[in-house]
Amino acid sequence: MTPQDYIALEDRHGAHNYHPLPVVLAEGRGVYVYDVAGKQYFDFLSAYSAVNQGHCHPRIVTALQQQAAKLALTSRAFHNDQLGPYEQYLTDYFAFDKVLPMNTGAEAVETAIKLCRKWGYEVKGIPTDRARIIVCGQNFHGRTTTIISFSSDPNARGNFGPYTPGFESIPYGDAAALRQALANDPATIAGVLVEPIQGEAGVFVPDDDYLPAVAAACREHSVLFIADEIQTGIGRTGALLRICGDCSCAGHCERQTTYTRPDILILGKALSGGTYPVSAVLADDAVMHVIRPGQHGSTFGGNPVACAVAREALQVVIDEKLTQNARRLGHLFRQRMQQLVEQYPETLVLVRGKGLLNALVINDSEDSDTAWNLCLALADRGLLAKPTHGNIIRFAPPLVISEAELLEACGIIAEAVRSRALAEI
Ligand SMILES: *Cc1c(COP(=O)(O)O)cnc(C)c1O
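Everything numeric in this text was worked out from a predicted model, so none of it was measured.

A. Seen up close, the sheet that holds strand β12 (residues 357-362). Strand order across the open sheet formed by four strands is β11-β12-β15-β14, with antiparallel pairing between neighbours. With partners counted over all chains shown, the strands left at the sheet margins are β11 (348-354) and β14 (386-388), one partner each. Direction aside, the axes of adjacent strands within the sheet are offset by 30 degrees on average. The sheet contact formed by β12 and strand β15 (residues 392-395) spans four bridges and is antiparallel. When the bridges of β15 are listed, Val361 appears paired with Ile392. The sheet contacts of helix α13 (residues 322-343) involve β11, β12 and β15, and relative to β11 the element is tilted by about 170 degrees.

B. Molecular detail of the side chain of Asp35. With respect to the helices, strands and loops of the structure, Asp35 is situated in strand β2 (residues 32-35). The buried charged residue Asp35 lacks any salt bridge partner; its closest oppositely charged side chain belongs to Lys39, at an N-O distance of 6.0 Å. Only 2.9 Å separates the side chain of Asp35 from the backbone nitrogen of Ala37, close enough to count as a polar contact. In terms of polar contacts, Asp35 uses its side chain to reach the side chain of Tyr41, at 2.8 Å. If we skip the residues at most four places from it in the chain, Asp35 touches Val24, Leu25, Ala26 and Tyr41.

C. Seen up close, the pairing of β12. Taking burial as the measure, the six residues of β12 include six buried ones, the bulk of the element. The alternating pattern of β12 places Leu357, Ala359 and Val361 and Asn358, Leu360 and Ile362 on opposite faces, both of which are buried. Sheet topology note: the β11/β12 ladder contains six bridges and is antiparallel. Looking at β12, one finds that Gly353 is bridged to Asn358. Taking the residues between adjacent antiparallel strands as the criterion, β11 and β12 are bridged by two residues, where Gly355 takes a positive phi near 55 degrees.

D. View of the layout of surface pockets. Approximately 620 Å³ is the volume attributed to the second largest pocket. Around the second largest pocket, the lining is made up of 23 residues, and of these Arg76, Leu100, Pro101, Ile291 and His296 lie nearest the centre. For the lining of the second largest pocket, the elements supplying multiple residues, two or more each, are α4 (83-94), β4 (98-102) and α11 (285-288). With four residues, the top contributor of residues to the lining of the second largest pocket is β4. Considered class by class, the residues forming the lining of the second largest pocket number nine nonpolar, eight polar and six charged.

E. Seen up close, unusual backbone geometry. With an omega of 0 degrees, the peptide bond between Gly161 and Pro162 qualifies as cis. In this structure, Pro162 sits in the loop between α7 (154-157) and β6 (167-170). Positive phi is not limited to glycine here, since Asn159 has a value of about 60 degrees. Along the polypeptide, Asn159 turns up in the loop between α7 and β6. Take Asn159: its relative accessible area is 80%, and that puts it in the exposed class.

F. A look at the sheet that holds strand β1 (residues 25-29). The strand order across the open sheet built from four strands is β1-β2-β3-β13, with neighbouring strands paired in mixed fashion. The open sheet has two free edges, formed respectively by β1 and β13 (383-384), since each of these has just one partner strand. Looking at chain direction, strand β3 (residues 40-43) and β13 are connected through two bridges and run parallel. The partner of Asp43 across the bridge, within β13, is Leu384.

G. Local environment of the domain arrangement of the protein chain. For the protein chain, the assigned domains are domain 1 (3-57 + 322-424) and domain 2 (58-319). Each side of the interface is counted separately: domain 1 has 31 residues, and domain 2 has 34 residues. Buried area between domain 1 and domain 2, both sides added, is near 2600 Å², and the carbon and sulfur share of it is 54%. Linking domain 1 to domain 2 there are one salt bridge. Among the ionic pairs, Glu200 bridges to Arg394, the shortest N-O distance being 2.7 Å. Across the domain 1-domain 2 interface, the total number found is 19 residue pairs in polar contact (both at pLDDT 80 or more). The set of elements that each furnish at least two residues to the side of domain 1 that touches domain 2 consists of α2 (46-49), α13, β11, β12 and β15.

H. Representation of the packing of aromatic side chains. Evaluation of the coordinates by the stated rule reveals nine aromatic pairs. Between Phe42 and Phe44, the ring centres sit 6.1 Å apart and the planes meet at 85 degrees, which makes this aromatic pair edge-to-face. Across this residue pair, the class does not change: Phe42 and Phe44 are buried. Centre to centre, the rings of Tyr93 and Phe94 are 4.8 Å apart; their planes meet at 55 degrees, and the pair counts as tilted. Taken individually, Tyr93 and Phe94 each receive the classification buried, so the pair is uniform in this respect. Grouped by ring-pair contacts, the aromatic residues Tyr32, Phe42, Phe44, Phe333 and Phe395 constitute a single cluster. For the cation-ring pair, Arg261 lies above Phe96, with the distance from its terminal atom to the ring centre recorded as 4.0 Å.

Basis of the calculations
- What you see as residue numbers is a count from 1 along each chain, following the sequence as written.
- Note on the predicted model: pLDDT of at least 70 is required for a residue's local features to be given, and 80 or more for side-chain atom pairs to be given and counted; whole-chain, interface and lining totals, by contrast, use all residues.
- For the side-chain quantities, the full set of heavy atoms in the structure was used; hydrogens and water were omitted.
- Two strands make a pair as long as DSSP finds a minimum of two bridges between them.
- The way it works is that DSSP assigns letters per residue, a run of H or I at least four long becomes a helix, a run of E at least two long becomes a strand, and they are numbered from the N terminus.
- A fitted line through C-alpha atoms serves as each axis, taken over the contacting stretch for helices, and the angle formed by two N-to-C directions is quoted from 0 to 180°.
- Whether two residues are in contact is decided by their heavy atoms, any of which lying within 4.5 Å being enough.
- Exposure categories follow from relative accessible area, calculated using a 1.4 Å probe and restricted to protein chains: below 20% of the type maximum is buried, above 50% is exposed, and the middle band is partly exposed.
- The charge count includes Lys and Arg as positive and Asp and Glu as negative, but it does not include His or the ends of the chains.
- When a carboxyl oxygen of Asp or Glu is within 4 Å of a side-chain nitrogen of Lys or Arg, the pair counts as a salt bridge.
- Any pair of nitrogen or oxygen atoms within 3.5 Å is treated as a polar contact; in protein, a donor-acceptor pairing is required on top of that, and neighbouring residues in sequence qualify only through side-chain atoms on both sides.
- Detection works on a 1 Å grid of protein atoms alone, calling trapped sets that fit a 1.4 Å probe cavities and calling open sets with protein on both sides within 12 Å along at least five of seven lines pockets, with lining residues defined by an atom within 4 Å of a point.
- Grid points are joined across faces, edges and corners, and a volume is the space filled by probe spheres set on the points.
- Think of it as three bins: nonpolar holds Ala, Val, Leu, Ile, Met, Phe, Trp, Tyr, Cys and Pro, charged holds Asp, Glu, Lys and Arg, and polar takes everything else, Gly as well.
- What marks off one domain from the next here is an automatic or database domain assignment.
- Using a 1.4 Å probe, buried area is obtained as the accessible area two parts lose upon being combined, added over both of them.
- Ring pairs shown here join Phe, Tyr and Trp side chains whose ring centres sit within 6.5 Å, with only the six-membered ring taken for Trp; geometry is labelled stacked below 30 degrees between planes, edge-to-face above 60, and tilted in between.
- Placement of a charge over a ring requires the Lys NZ or Arg CZ to be within 6 Å of the ring centre, with the centre-to-atom vector within 35 degrees of the ring normal.

Now the structure itself:
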């Protein structure tokens, strides 16, 4: 079969809910993926930062295979010998009392919302059905009915109503707007849900004092600070969690504990190194205790394969110093891209990001196809990336990338930009 044959099958038999680049991939290893003809590409999307540990990491694949062959699923009707050790490992790793295991990111966000509302009624004392959660404009938290109810993206929301009430949107990165919203009617606000960097929106990095300000304002009004680190967490931004800022404490230091520690932490994506859907909601006892037997759950959440895989995937991040690598190579990447921006101001506006979560903003409108065409030119030259919001290209390679590989990739990007710049003259 040719690539066109595979694409035609998807077109004929699959729902058209995505618009992929026209490449058909068959294998992956480390920072590389290979198409059906065997052509090698740098993967600079990493499945939206799920593959931080690199494609088909041998240790994670072994954990998956061994556990799948031994015991794959029990449901939570019974205990299993993987869940307890995993929960101990995970809560120790991120320094929280408890974890509630789920599968996908959206499920974990839903879990956090339910947990937050229940805490609001049972601990804070919000009158029945009046709880509100503050969210940010341009957010991305997933695709369920409740989550898209507070999206500002017309594509995500359009004709999926009626929408779930109880959410109030304020501008992202604006601590004053948050303080104002909290001051209005703090007694009915249960939580504030924030992405520490807005990835899908185009890698928007807030000012350094934003997250500490959010945490402080939440504490002041007895409101839960909920951090969605599904994309930013687990080394991606050069810190274990983005809420750690530029600190490499791995979540355990005094600064993080004192100033920016969220009350609820949401993880997904790289929790499994991209091999299996694993997500988690972490909180301390004072919050998590409101969930009692029968009140929330999932058939697959906390299954033995997920537990074995996630433990190995997190240990790989430590053993291979992926957080440190992301931080060091992130600086190098932005430095190279900054040179490119200065060289081609007609084509590029700016580069921004943290660690290995970065974006190039293309000098064209959101509805132009310049970024898409640049991504096609990159794919031709052996690098895969995808536009987000039309004129922004996110670059997020697996964190196992070496300096030599990163520099080679920067060369490919420079060549593609040069070819586009020439084409436009
Ligand atoms: C990807 C993502 C989600 C949703 O995760 P799914 O596994 O696709 O449901 C939620 N929040 C953020 C910040 C994400 O990047």
